[in-house]
Amino acid sequence: MISRFGSYLLLMLKVFRKPDKWKVYKKQLILEIYHLGIESLGITAIISVFMGAVVAIQTAYNIDSPLIPLKMVGFTVRQSVILEFSPTIISLILAGKVGSRIASEIGTMRVTEQIDALEIMGINPPNYLIFPKITAAMLINPVLIILSMGFGLVGGYFVAATTQLFTTQDYLEGIRGWFEGYTIVYALIKTVVFAFIITSISGFEGFNVKGGAIEVGAASTRAVVWSSIMIILFNLILTQLLLS
Amino acid sequence: MIEGKNIFKSFGDHLVLKDISVKFEKGKTNLIIGQSGSGKTVLMKCLIGLYEADKGQILFDDRNFSEMSFNERKSIRNELGMLFQGGALFDSMTVEDNVMFPLTMFTDQSKEEKIERVNFCLKWVNLENANKLFPSELSGGMIKRVAIARAISMNPQYLFCDEPNSGLDPQTAGVIDELIQRLTEEFNMTTVVNTHDMNSVIKIGDTISFIYKGELWWVGDKNQVLSSDNQELNDFVFATELTKRLKK
Ligand SMILES: Nc1ncnc2c1ncn2[C@@H]1O[C@H](COP(=O)(O)OP(=O)(O)OP(=O)(O)O)[C@@H](O)[C@H]1O
Ligand SMILES: [Mg+2]
């Protein structure tokens, strides 16, 4: 366990080096932004809309006192989507989607000697393979999360528009009230850290595969499990640091 | 010339290479032969630095490779091509991009120059119209040939081939052998080939190093290999029914 963490750190030292060719790196970066980001837009949108809707319904059901204004529904949806649901839940989903993809891609390259082929050409394989993925995710995930927040709020609006639980006017007033910009900053810091966790851990797991196809599968499972655990752990640490 | 001096390598407490010293000459096809598991691949990977030898020296034309850092090794690696046992083509790239890859990474050639070089290499391996195919669309023999084209795209001085014709029919295997031999002579490369195919041994073995259980057991050439009185070598050479009958 400790020696694994050590080799993770050593790998990261090799990842964060100057790329051999910036032109090639830029090309890879754009490709990874597409694969890791744009291709995750659909699932992000669907999950976010439903999440927003469910939070809205639950909050509305829980407000039975006439003293609490129904505007609170919109407020609660906004706060929980920004603070927790978008950055954390969506990052967990991405850990599953993106993490397994990265680990199996790099793991397959390892077992078919493609990584050895890179190395004997004189290329630094961790830098060539993992650096573009880490940087792409750290750039594109904040965009995904901001969009997710938007979709979450839209989900709540659908509930207002289609049920009698609360009115759209209540809802819109609620999501605009008592707004603190810092909550967005907090969410984006979390997102960037989670993006690093997902891509670096999955890259590490893929890079260290030994054996064949079965080990590639096992590595991709480990990538998802460890990224998820680390996301949850760092969610606690960052929340403690940034919100208290 | 490539020289390995007193190379030892173990994995855990399994000693795979025991005090191996080899010399591979320029302009010649140098073979490493031996049974499956004797340590051929490990030796080759030690020579090019994919495994660090526990002890010993590796010299590329008197440049001490074993003592260099990753960055110092880069210059030698740019002069070195390798054909892996499974080809190791990049799945995500077309044949053309695979062969072009080293050029893109290490030269400042224009697109036209690179394509010209790619086509030159593909012509050498007789794959003139395969530029846009992906590795998954190629046969085993084609994969090997593209891998050779990629290995020679930087005009290497040293060429390493790990079992270039394993898994191929005898005819295709012969084509690959000839190709390696012609390339070696034409470009005056130092070529090292791992093989346990007796056809290759007697056809292209300018020098032959026989590895037995991790030790260098016998050194010679294709004319001597059939008439040696070394017991272990004979067991290896005359292992198949065909060779046994030919001996009689
Ligand atoms: N990465 C590794 N870790 C542990 N042991 C290894 C490793 N690579 C090779 N070995 C061991 O070293 C020995 C020699 O293996 P090697 O791959 O060099 O054989 P080979 O001569 O190339 O055989 P083949 O002709 O089948 O390719 C084997 O016993 C193998 O188990
Ligand atoms: Mg081998």
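Student: With reference to specific residues and values, describe the pairing of strand 6 (residues 80-83) of chain B.
Tutor: Residues and elements named next belong to chain B. Burial along strand 6 is two-sided: Leu80 and Met82 and Gly81 and Leu83, pointing in opposite directions, are all buried. Sheet topology places strand 6 next to strand 7 (residues 158-162); four bridges connect them, and they run parallel. Bridge pairing in strand 7 places Gly81 opposite Leu159.

Student: Provide a residue-level description of the side chain of Glu163(B), including the pertinent values.
Tutor: Considering the arrangement of structural elements, one finds Glu163(B) in the loop between strand 7 and helix 6 (170-186). The contacts of Glu163(B), once residues within four sequence positions are left out, are Lys40(B), Gln85(B), Lys144(B), Asn194(B) and His196(B).

Student: I'd love a proper account of the sheet that holds strand 5 (residues 63-64) of chain B, names of residues and values included.
Tutor: All names here are of chain B. Taken in spatial order, the four strands line up as 2-1-4-5 in an open sheet, and their pairing is antiparallel. Each edge of the open sheet carries a strand with a single partner, namely strand 2 (14-24) and strand 5. As paired elements, strand 1 (residues 2-11) and strand 2 share seven bridges and run antiparallel to each other. The partner of Gly4 across the bridge, within strand 2, is Val22.

Student: Requested: an account of the site of ligand 1, with residues and values cited.
Tutor: All names here are of chain B. The full set close to ligand 1 counts 15 residues, and Ser36, Gly37, Lys40, Thr41 and Glu163 are the nearest of them. A distance of 3.1 Å separates an oxygen atom of ligand 1 from a polar atom in the backbone of Gly39. Isolated, ligand 1 exposes 630 Å² of accessible area, and the fraction of that covered by the protein chains is 66%. Among the elements of the structure, strand 2 and helix 1 (40-47) are those that each provide at least two residues to the shell around ligand 1. The leading source of residues in the shell around ligand 1 is helix 1, at three residues.

Student: With reference to specific residues and values, describe the nonpolar core.
Tutor: Counting 85 residues, the largest nonpolar core has Tyr128(A), Phe60(B), Phe101(B) and Phe160(B) as its most contacted members. No other element matches the 12 residues that helix 6 (residues 125-162) of chain A contributes to this core. If sequence neighbours within four positions are ignored, Phe160(B) has contacts with Ile2(B), Met44(B), Leu47(B), Ile48(B), Phe60(B), Leu80(B), Gly81(B), Met82(B), Leu83(B) and Val192(B). Among the nonpolar cores identified, the runner-up in size contains 43 residues, and Val99(B), Cys121(B), Met189(B) and Val237(B) belong to it.

Student: Break down the packing of helix 3 (residues 95-106) of chain B against helix 5 (residues 140-152) of chain B for me, citing the residues and quoting the values.
Tutor: In a pair of packed helices, the angle between the axes and the distance between the axes together describe the arrangement. Residue and element names in this part refer to chain B. Between helix 3 and helix 5, whose axes approach to 7 Å, the crossing angle comes to 25°. Comparing the axis directions of helix 3 and helix 5 gives the class roughly parallel. For the pair helix 3 and helix 5, the sense of crossing is right-handed. In contact with Val95, Asn98, Val99 and Pro102 of helix 3, helix 5 contributes Val146, Ala149 and Arg150. Of the residues that constitute the contact of helix 3 with helix 5, the class distribution is five nonpolar, one polar and one charged.

Student: Kindly report on the packing of aromatic side chains, identifying the contributing residues and their values.
Tutor: Where two aromatic rings form a pair, the distance of their centres and the angle of their planes describe that pair. Applying the stated criterion to the full structure yields 19 aromatic pairs over all chains. Taking 6.2 Å as the distance between ring centres and 35° as the angle between the ring planes, the aromatic pair formed by Phe16(A) and Phe196(A) counts as tilted. With Phe16(A) in the loop between helix 1 (2-15) and helix 2 (22-37) and Phe196(A) in helix 8 (residues 182-207), the pair connects residues that are 180 residues apart, well separated along the chain. Residue class for Phe16(A) comes out partly exposed when judged on its relative accessible area of 41%. Taken together, the ring pairs in this structure connect Phe16(A), Trp22(A), Tyr25(A), Phe131(A) and Phe196(A) into an aromatic cluster. In this structure, Arg73(B) is placed above the aromatic ring of Phe65(B), and the distance from its NZ or CZ to the ring centre is 4.4 Å.

Student: Give me the interface of chain B and chain A: which residues, what numbers.
Tutor: With 27 residues of chain B at the contact, the number on the chain A side is 17 residues. If you look at where chain B meets chain A, you find four salt bridges. Close ionic contact of Lys45(B) with Glu113(A) constitutes a salt bridge, the shortest N to O distance being 3.1 Å. Our count for the chain B to chain A interface comes out at seven residue pairs in polar contact (both at pLDDT 80 or more). Looking at the side of chain B that touches chain A, the elements with two or more residues in it are helix 2 (70-77), strand 6 and helix 3 of chain B. Ranked by the residues each element gives to the side of chain B that touches chain A, the list is headed by helix 3 of chain B, at five residues.

Student: Please provide a residue-by-residue account of the pattern of salt bridges, values included.
Tutor: Inspection of the entire model under this criterion finds 19 salt bridges over all chains. For Lys40(B), the salt bridge identified is with Glu163(B), shortest N-O distance 4.0 Å. Separated by 123 residues along the polypeptide, Lys40(B) in helix 1 and Glu163(B) in the loop between strand 7 and helix 6 bring together distant segments of the chain. Like Glu163(B), Lys40(B) is buried. Note that Arg73(B) and Glu52(B) form a salt bridge whose closest N and O atoms lie 3.0 Å from each other. Here Arg73(B) is found in helix 2, whereas its partner Glu52(B) is found in the loop between helix 1 and strand 4 (55-60), with 21 residues between them in sequence. In this structure Glu52(B) comes out as partly exposed when scored by relative accessible area, which is 43%. Several salt bridges share partner residues, and in doing so they unite Arg110(A), Glu113(A), Asp116(A) and Lys45(B) into one network.

How each quantity is defined
- Residues numbered from 1 in each chain as written.
- Chains lettered and ligands numbered in written order.
- Predicted model: local features only at pLDDT ≥ 70, side-chain atom pairs only at ≥ 80, totals over all residues.
- Heavy atoms only, no water.
- Buried < 20%, exposed > 50% of the residue type's maximum accessible area, 1.4 Å probe, protein only.
- Helix = DSSP H or I, 4+ residues; strand = E, 2+ residues; numbered from the N terminus.
- Pairing = 2+ DSSP bridges.
- Contact = heavy atoms within 4.5 Å.
- Near = heavy atom within 4 Å.
- Polar contact = N/O pair within 3.5 Å; in protein donor to acceptor, adjacent residues only side chain to side chain.
- Areas by Shrake-Rupley, 256 points an atom, 1.4 Å probe, with all protein chains shown as cover.
- Core = buried A, V, L, I, M, F, W, Y, C linked by side-chain atoms within 4.5 Å.
- Axes fitted to C-alpha atoms, helices over the stretch in contact; angles between N-to-C directions.
- Parallel < 35°, antiparallel > 145°, perpendicular 65-115°, else oblique.
- Left-handed = near helix turned anticlockwise from the far one by under 90°.
- Nonpolar A, V, L, I, M, F, W, Y, C, P; charged D, E, K, R; others polar.
- Phe/Tyr/Trp six-rings, centres within 6.5 Å; stacked < 30°, edge-to-face > 60°.
- Lys NZ or Arg CZ within 6 Å of the ring centre and 35° of its normal.
- Salt bridge = Lys/Arg side-chain N within 4 Å of Asp/Glu carboxyl O.

Scope: geometric values only; no functional claims are made or implied.
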